[in-house]
Amino acid sequence: MMAARRLSSLLSRSLSFSSSGAASLLHSLAGRNINRFSTAAAVEDLITPQVPIRYTQHLINGQFVDAASGKTFPAYDPRSGEVIANVAEGDVEDINRAVSAARKAFDEGPWPKMTAYERSRILLRFADLVEKHSDELAALETWNNGKPFEQAAKSELPLFVRLFHYYAGWADKIHGLTVPADGDYHVQTLHEPVGVAGQIIPWNFPLIMFAWKVGPALACGNTIVLKTAEQTPLTALLVAKLFHEAGLPKGVLNVVSGYGPTAGAALASHMDVDKLAFTGSTDTGKIVLELAARSNLKPVTLELGGKSPFIVFEDADVDKAVELAHFALFFNQGQCCCAGSRTFVHERVYDEFLEKSKKRALRRVVGDPFKKGVEQGPQIDGEQFEKVLSYIRSGIESNATLECGGNRLGSKGFFIQPTVFSNVQDDMVIAQDEIFGPVQSILKFKDIDEVIQRANRTRYGLAAGVFTKNVDTANRLMRALRAGTVWINCFDVFDAAIPFGGYKMSGIGREKGIYSLHNYLQVKAVVTPLKNPAWI
Ligand code: ADP
């Protein structure tokens, strides 16, 4: 891919990657077997990224502008904890300005009036521009987030582009129905954009979350105010600029940086925002739902936390199960809402699985995410780093067995050793709470009825993984597990067309795929008598 070819001009040390055709499937990173131990030295000697940080202001009404207050806040490099940019800090007034630009663009601007085909072409031109800038975007994403550059460049950027191709394809295929109602009436439904969409995104996949939110909203003809996570404001500003270069009219997509309780809360409670979409923690999801309800009752889509089971049956090929379970948990530094964070293993293969899982975790390559072959970078920030370490302490205190890891790696930045716990019991905090870090919990089970019940005994219901060769087992589990996604013999397959979202406290609504369009459309029923009625 282009990102790989031109990378050497962007990084101070040249790296070379082979191309990956299956880049849209994040699970393509699974299966690598790099026989190296993590060392503290690997996280001290850092590559200096040679990418410019071009945009740090809000993007409102097509213009980069300072915060109304003039304030800025720091964006960090999680490899070192050093400040890499100072970014405009949004608050109520910035959100007001952005919403008023989005309102005007929706009520008066060309966007909702242009043909769906013209909108689709802007999305396609944007996707092409992102593809051209994907090396710069991947490097910026890694710099501000800490995820491995190879993952950003080979999986996430191609998936980002694919998502916009997918939504461009939908833009001119959104239409209502003719309804066979009783009586002499012609009844039709019009599927109309909702209006101004407020979108609040997290820091773990800044670009992918942008695409999941912005793609369907624009395909349906809405206008947007997007609030990025305070930890990762940089890449959204660059892609939003590219959107304008692709011909997006001003005011259609406004990006405000800032903190949650200020800028985020102002957006969630704004009276002129017609719809809210949020991805983040369950606790914050409850807050924004309440803000939306107390203001103008705007509909809310929530994609929240998870504690996904990954269930390995006794017929499994243990080596393959170990690799997939490892990937399901450790991918993206364990910072995935759907991470397979409860690894249930059948008692007949438990000992072998445990031994091999521990060896696999010890082989995991932790280091500077810009370096080739590195599988795990730092956690996003000091707060998350401390939180993960405190969960590790809780696991030890509750008498789970610490098989490996358990400490920070190096002396700067937010690196944590890949950590494996065995003998984990269902009622331990580490088996109940979302840890959001590189901490695998392995639990033993005896039979299928028991594991179904235990897997479902959680307040979350985002995803689940099942590893078995037995079709009956797979069929039974896919129906019995109460989760928005069930991956059978695979994990983290995130195609643009596959819906994603949660049961229970993992959220409300679905993103991606055809279902995501429902979030951004109003249905209007239009009823016309077939003959002129007597009363006119
Ligand atoms: P985390 O705890 O993992 O950082 P959060 O759910 O707090 O996750 O953050 C996800 C997004 O929600 C971020 O963009 C953040 O700024 C925003 N956010 C946090 N608190 C609030 C709030 N009170 N109101 C609105 N948005 C918020």
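Worth saying up front: this structure is predicted, and the values here are computed from it rather than measured. (Residues numbered from 1 in each chain as written. Predicted model: local features only at pLDDT ≥ 70, side-chain atom pairs only at ≥ 80, totals over all residues. Heavy atoms only, no water.)

Can you tell me about the overall build of the protein, naming the residues and giving the values?
Counting its regular elements, the protein contains 17 helices and 22 strands. Here the C-alpha atoms of the protein give a radius of gyration of 24 Å, agreeing with the 24 Å that 2.2 N^0.38 yields for 536 residues. Put simply, the protein has 536 residues, and 59% of those count as buried. Considering only contacts within the protein whose residues lie at least 6 apart along the sequence, 76% involve residues at least 24 apart. Accessible surface, the protein as shown: approximately 20600 Å² in total, 52% of it carbon and sulfur. (Helix = DSSP H or I, 4+ residues; strand = E, 2+ residues; numbered from the N terminus. Rg over C-alpha atoms; globule rule 2.2 N^0.38 Å. Buried < 20%, exposed > 50% of the residue type's maximum accessible area, 1.4 Å probe, protein only. Contact = heavy atoms within 4.5 Å. Areas by Shrake-Rupley, 256 points an atom, 1.4 Å probe, with all protein chains shown as cover.)

Give me the lowdown on the UniProt feature "active site" (unreviewed entry) in the protein, citing residues and values where you can.
Look at the UniProt record and you will see "active site" (unreviewed entry) annotated at Glu303. With respect to the helices and strands, Glu303 occurs in strand 11 (residues 300–303). Relative accessible area serves as the criterion here: at 3%, Glu303 is assigned to the buried category. (UniProt positions renumbered as here; feature names shortened; annotations may be inferred.)

Quick one: what's the story with the packing of helix 5 (residues 134–145) against helix 8 (residues 234–245), residue by residue and with numbers?
Their axes nearest at 9 Å, the elements helix 5 and helix 8 cross at an angle of 160 degrees. On the basis of the axis angle, helix 5 is roughly antiparallel to helix 8. Between helix 5, through Glu136, Leu137, Leu140, Glu141 and Asn144, and helix 8, the contact on the second element is made entirely by Leu234, Thr235, Leu238, Val239 and Leu242. Classifying every residue of the contact of helix 5 with helix 8 gives six nonpolar, two polar and two charged. (Axes fitted to C-alpha atoms, helices over the stretch in contact; angles between N-to-C directions. Parallel < 35°, antiparallel > 145°, perpendicular 65-115°, else oblique. Nonpolar A, V, L, I, M, F, W, Y, C, P; charged D, E, K, R; others polar.)

If you had to explain the packing of aromatic side chains to someone new, which residues and values would you point to?
Within a pair of aromatic rings, the relevant descriptors are the distance that separates the centres and the angle that separates the planes. Applying the stated criterion across every chain yields a total of 24 aromatic pairs. Between Phe313 and Phe445, the ring centres sit 5.4 Å apart and the planes meet at 75 degrees, which makes this aromatic pair edge-to-face. With Phe313 in the loop between strand 12 (309–312) and helix 11 (318–330) and Phe445 in strand 16 (residues 439–445), this pair connects stretches of sequence that are 132 residues apart. As far as burial versus exposure is concerned, Phe313 and Phe445 are alike and both buried. Among the aromatic residues, those joined into a cluster by ring pairs are Trp212, Phe310, Phe467, Trp487, Phe491, Phe494 and Phe500. The ring of Trp111 has Arg119 lying over it, and the distance from NZ or CZ to the ring centre is 5.7 Å. Its guanidinium or amino end placed over the ring of Tyr350, Lys444 lies 4.8 Å from that ring's centre, counting from NZ or CZ. (Phe/Tyr/Trp six-rings, centres within 6.5 Å; stacked < 30°, edge-to-face > 60°. Lys NZ or Arg CZ within 6 Å of the ring centre and 35° of its normal.)

A description of the site of the ligand should follow, citing residues and the corresponding values.
For the ligand, the set of nearby residues contains 21 residues, the closest of which are Ile201, Trp203, Lys227, Glu230 and Ser281. Contacts to the ligand include Gly260, whose backbone N or O atom sits 3.2 Å from an oxygen atom. A distance of 3.1 Å separates an oxygen atom of the ligand from a polar atom in the side chain of Thr284. When the free accessible area of the ligand is taken as 550 Å², the share hidden by the protein chains comes to 85%. For the shell around the ligand, the secondary structure elements donating two or more residues are helix 9 (260–268), strand 10 (275–279) and helix 10 (282–294). It is helix 9 that contributes the most residues to the shell around the ligand, four residues altogether. (Near = heavy atom within 4 Å. Polar contact = N/O pair within 3.5 Å; in protein donor to acceptor, adjacent residues only side chain to side chain.)

Before we move on, could you go through the sheet that holds strand 13 (residues 342–346) and cite the residues and values that matter?
Sheet architecture is open: seven strands sit in the order 14-15-16-13-12-18-19, paired in mixed fashion. Two strands bound the open sheet, and with one partner strand each, they are strand 14 (401–404) and strand 19 (485–488). For this sheet, the mean angle separating the axes of adjacent strands, direction not counted, is 25 degrees. One ladder, built from four bridges, connects strand 13 with strand 16; its direction is parallel. (Pairing = 2+ DSSP bridges.)

Provide a residue-level description of unusual backbone geometry, including the pertinent values.
A positive phi angle, close to 65 degrees, is found at Gln333, a residue other than glycine. Position of Gln333 relative to the elements: it lies in the loop between helix 11 and strand 13. Exposure remark for Gln333: the relative accessible area of 0% places this residue in the buried category. One non-glycine residue, Asp492, adopts positive backbone phi at about 55 degrees. Mapped onto the elements of the fold, Asp492 is located in the loop between strand 19 and strand 20 (503–504).

Could you give an account of helix 15 (residues 448–456), with specific residues and numbers?
For helix 15, the complete set of buried residues consists of Val451, Ile452, Arg454, Ala455 and Asn456. In this structure, the buried residues of helix 15 make contact with strand 12, strand 13, strand 16, helix 16 (471–480) and strand 20. In this structure Asp447 caps helix 15, since a side-chain oxygen of it lies 3.1 Å from the backbone nitrogen of Asp449.

With reference to specific residues and values, describe the side chain of Ser357.
Turning to its location among the elements, Ser357 is positioned in helix 12 (residues 350–363). Ser357 sits in the buried class, given a relative accessible area of 2%. If sequence neighbours within four positions are ignored, Ser357 has contacts with Val322, Val420, Gln440 and Ile442.

Could you give an account of the pattern of salt bridges, with specific residues and numbers?
Under the definition given, this model contains 31 salt bridges. Residue Arg79 pairs with Asp77 through a salt bridge whose shortest N-O separation is 2.8 Å. For the pair formed by Arg79 and Asp77, the shared burial category is buried. With a shortest N-O distance of 3.0 Å, Glu156 and Lys147 are connected by a salt bridge. Overall, Lys147 belongs to the buried group, its relative accessible area being 0%. One salt-bridge network, in which partners are shared between bridges, spans Arg103, Asp107, Asp272 and Asp274. (Salt bridge = Lys/Arg side-chain N within 4 Å of Asp/Glu carboxyl O.)

For the sheet that holds strand 5 (residues 178–179), give the residues involved together with the corresponding values.
Across the sheet, three strands lie side by side as 5-6-22; this open sheet has antiparallel pairing. Each of the sheet's edge strands pairs with one partner strand only, and the pair in question is strand 5 and strand 22 (521–529).

Describe the environment of Ala171, and please don't skip the residues or the numbers.
On the secondary structure map, Ala171 appears in helix 6 (residues 149–171). Here Ala171 falls in the buried class, since its relative accessible area comes to 3%. Here the alpha-carbon distance between Ala171 and Ala217, two residues 46 residues apart in the chain, equals 9.8 Å. Apart from the residues lying within four places of it in its own chain, the contact partners of Ala171 are Ala116, Ser120 and Ala219.

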